[in-house]
Amino acid sequence: MSSTVQTQQTSHSVWQAAVQAGYPAALWRLPNRTDRELIIDSSGSVSTVVMDLEELPMGFAVSPFINPETENTLFLKADFYWRFDENGNILASQNQLATDHPAFDSLFKNNPKTVKNNLAPTVNIVQATDNQQQQFEETVGRAIRQMERGKFRKVVLSRTKTIRFEEQPAIPTLFNRLCAAYPNAFVSAVYLPDRNQIWIGATPERLVSVDAGGIFRTVALAGTQSAFDGEGRPKRTADAPWTQKEIEEQALVSRYIIGCFKKIRVREYIEEGPKTVIAGNLMHLRSDYSVDTQAVNFPQLGTVMLRLLHPTSAVCGMPREAAQEFILTNETHQRELYSGFLGPVNIYRTEGPETHLFVNLRCMKLEGQEGTLYAGAGLTEDSSPAKEWRETELKCDTMLAIVKS
């Protein structure tokens, strides 16, 4: 690595300077951690790569939902990297550029001295029309009928909700609120100047991780219910009642992961679960899988499994091809980066590089003062259209609770 960058910066000021200069930037916090990390790509645009975890440099990946063989993945290079504590103070920093590079002037000499810390005072929710709910429930019914005829076993149907801010919100403030509200989630904010978009969210679903010791991890996460009872009291995870529909939905995801292991002849994996986990205002069923890539002599496992898993049955369905065709034919919006994957790639720790990719759920796309929330529901033959609409409302509440607080 090159020399460290100036240390008087804070995560808020560096993020704001990057956005003002038009540099792609990614800010994130890993689950169950307190430190935040930030990279900036000084190229001014985001390149497209094929995901090869063994070959890619240090950076941050963002994938759309439709991404065959991961060949259309957006990649932000880590020209600058910082790690901050939860108060925004620098713990470590690195840069890949010479100090006379123009980015230094944009990010440091012209760095804004004042940082907007508060959200806009007013958030207007564009309420769903009766027609939107009716259309969603009719599409759920159409999916159920196709499953009854054996076209596919599961499909994940998504919808959007639009909100408008009185003025553009302060992303670092939203980010910190998400970190506080969802300590077990992967929290991220990504600025993509090519698209004039910021994507921010707190996702509970790990897709692929490979740590510095070569341990590969993935999860099967499905099934959703409120983390609170009818009187607003938190439920105990041990008391969570799961229906047969939800248990089968999660089992389908688990079986798909195990099927991928079998396809590439990996038998030495550890499976833990399913167990009930809490993700903010929701509960899910989760099974955890891990493989020691060094013990099985399979250093490329992360890359291979990423291409096999995405898009998972937790965001698409089974069989994948038939479910994806139904989604593309019947959803009235473009998912874009929703239900794709995102996360840091080959970030160097003392022990070595680490990669952590998560499914892009519980997220908001921000374009100027307009925000688009995304939520999906996993459908099986036992689904109820009204209950699936309610599930998407609960999932939208993840982000709404933050922007309205």
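Being a predicted model, the structure only gives us computed values, none of them experimental.

## Side note on the pattern of salt bridges
If the charged atoms of two oppositely charged side chains come close together, the side chains can form a pair.
Here is step 1: Going through the model one piece at a time under the given rule, you end up with 23 salt bridges.
Here is step 2: Residue Arg349 pairs with Glu37 through a salt bridge whose shortest N-O separation is 3.0 Å. Residue Arg349 is found in the loop between strand E18 (347-348) and strand E19 (353-359), and its partner Glu37 is found in strand E2 (residues 36-40); the two are separated by 312 residues along the sequence.
Here is step 3: On the basis of relative accessibility, which here comes to 2%, the residue Glu37 falls in the buried class.
Here is step 4: Residues Asp41 and Lys77 are paired through a salt bridge, measuring 3.3 Å at the closest nitrogen-oxygen approach. Of this pair, Asp41 sits in the loop between E2 and strand E3 (47-49) while Lys77 is found in strand E5 (residues 73-77), placing the two residues 36 residues apart along the sequence.
Here is step 5: With a relative accessible area of 1%, Asp41 lands in the buried category.
Here is step 6: Taking the relative accessible area as the measure of exposure, Lys77 reaches 30% and is therefore partly exposed.
Here is step 7: Taken together, the salt bridges that share partners define one network made up of Lys154, Lys245, Glu249 and Glu388.

## Topic: the packing of aromatic side chains
Here is step 1: Applying the stated rule across the entire model yields eleven aromatic pairs.
Here is step 2: With a centroid separation of 6.3 Å and an interplanar angle of 80 degrees, the aromatic rings of Phe216 and Phe261 are classed as edge-to-face. In this pair, Phe216 is assigned in strand E13 (residues 215-226) and Phe261 in helix H5 (residues 244-263), connecting sequence segments 45 residues apart. With respect to class, Phe216 is no different from Phe261; both count as buried.
Here is step 3: Here the guanidinium or amino end of Arg159 rests over the ring plane of Trp389, the centre of that ring lying 3.8 Å away.
Here is step 4: The ring of Phe65 has Arg335 lying over it, and the distance from NZ or CZ to the ring centre is 4.3 Å.

Calculation rules
Residues numbered from 1 in each chain as written. Predicted model: local features only at pLDDT ≥ 70, side-chain atom pairs only at ≥ 80, totals over all residues. Heavy atoms only, no water. Salt bridge = Lys/Arg side-chain N within 4 Å of Asp/Glu carboxyl O. Helix = DSSP H or I, 4+ residues; strand = E, 2+ residues; numbered from the N terminus. Buried < 20%, exposed > 50% of the residue type's maximum accessible area, 1.4 Å probe, protein only. Phe/Tyr/Trp six-rings, centres within 6.5 Å; stacked < 30°, edge-to-face > 60°. Lys NZ or Arg CZ within 6 Å of the ring centre and 35° of its normal.

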